[in-house]
Amino acid sequence: MYVCRNFDIRELVPYGVWKNTDNKQLLWWLFDDRMLKVADKLRDAYGKMVGNDWAWGGDKKMCGFRPWESETGSRLSQHKFGRAFDSTPYETDVKVIRQDIIDRKHPFMEEIKGLELGVSWLHFDLRNSNELVTFRP
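Parameters and conventions
- Residues numbered from 1 in each chain as written.
- Predicted model: local features only at pLDDT ≥ 70, side-chain atom pairs only at ≥ 80, totals over all residues.
- Heavy atoms only, no water.
- Phe/Tyr/Trp six-rings, centres within 6.5 Å; stacked < 30°, edge-to-face > 60°.
- Lys NZ or Arg CZ within 6 Å of the ring centre and 35° of its normal.
- Buried < 20%, exposed > 50% of the residue type's maximum accessible area, 1.4 Å probe, protein only.
- Helix = DSSP H or I, 4+ residues; strand = E, 2+ residues; numbered from the N terminus.
- Pairing = 2+ DSSP bridges.
- Contact = heavy atoms within 4.5 Å.
- Axes fitted to C-alpha atoms, helices over the stretch in contact; angles between N-to-C directions.

Engineer: Provide a residue-level description of the packing of aromatic side chains, including the pertinent values.
Structural biologist: By the definition in use, this model includes 7 aromatic pairs. Three or more aromatic residues link up through ring pairs in this structure, and these residues are Phe7, Phe85 and Phe124. Taking the ring centre of tryptophan 18 as reference, the NZ or CZ of lysine 24 above it sits at 4.4 Å. Above the ring of phenylalanine 7, the side-chain terminus of arginine 43 is found at 4.8 Å from the ring centroid.

As structure tokens, then:
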């Protein structure tokens, strides 16, 4: 089981999932470990990024795992499979990070197969694809 070095589990799960799980360590099982590793590597390369911030009084609640009943995003969102993450970068412009992903600037970026364009946050996912798929909301 991979546990992120750079993200608290509350940045990756909604409050209801966190609240209703006795053993918080088990929440890491919701995620594809490749996604967690890429999230850590992105933060190492580009500085501070934040996912959910509900635990600190913010309004972001669905940046990582989304339960099946969630109406946030599409019905078959990669978030519902634990293969997607939305983060807000604070030290590097999100457009720079996106372009680096498109250009495959770092070897770990080869794992990224889905990239959302035209939003203020960084959405990446590890969908089952042979190439990088870009899309808009």
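Still more ground to cover, so stick around.
Engineer: Can you tell me about the pairing of strand S4 (residues 122-125), naming the residues and giving the values?
Structural biologist: Strand residues, when the strand is regular, have side chains that alternate between the two faces of the sheet. Residues Leu122 and Phe124 of S4 are buried on one face, and the alternating residues His123 and Asp125, pointing to the opposite face, are buried as well. Strand direction decides the pairing type here: strand S3 (residues 114-116) and S4, joined by 2 bridges, are antiparallel. Across the sheet, glycine 114 pairs through a bridge with aspartate 125, a residue of S4. Counted between consecutive antiparallel strands, the loop separating S3 from S4 contains 5 residues, among which glycine 118 sits at a positive phi close to 75°.

Engineer: Requested: an account of the sheet that holds S4, with residues and values cited.
Structural biologist: Sheet architecture is open: 5 strands sit in the order S1-S2-S4-S3-S5, paired in mixed fashion. The outermost strands of the open sheet, each flanked by one partner alone, are strand S1 (49-50) and strand S5 (133-135). Pairing geometry for strand S2 (residues 84-89) and S4, over 4 bridges, is antiparallel. Paired with phenylalanine 85 across the strands is phenylalanine 124, a residue of S4. Against the sheet, helix H2 (residues 33-46) touches S1, S2 and S4, its axis set at about 140° to S4.

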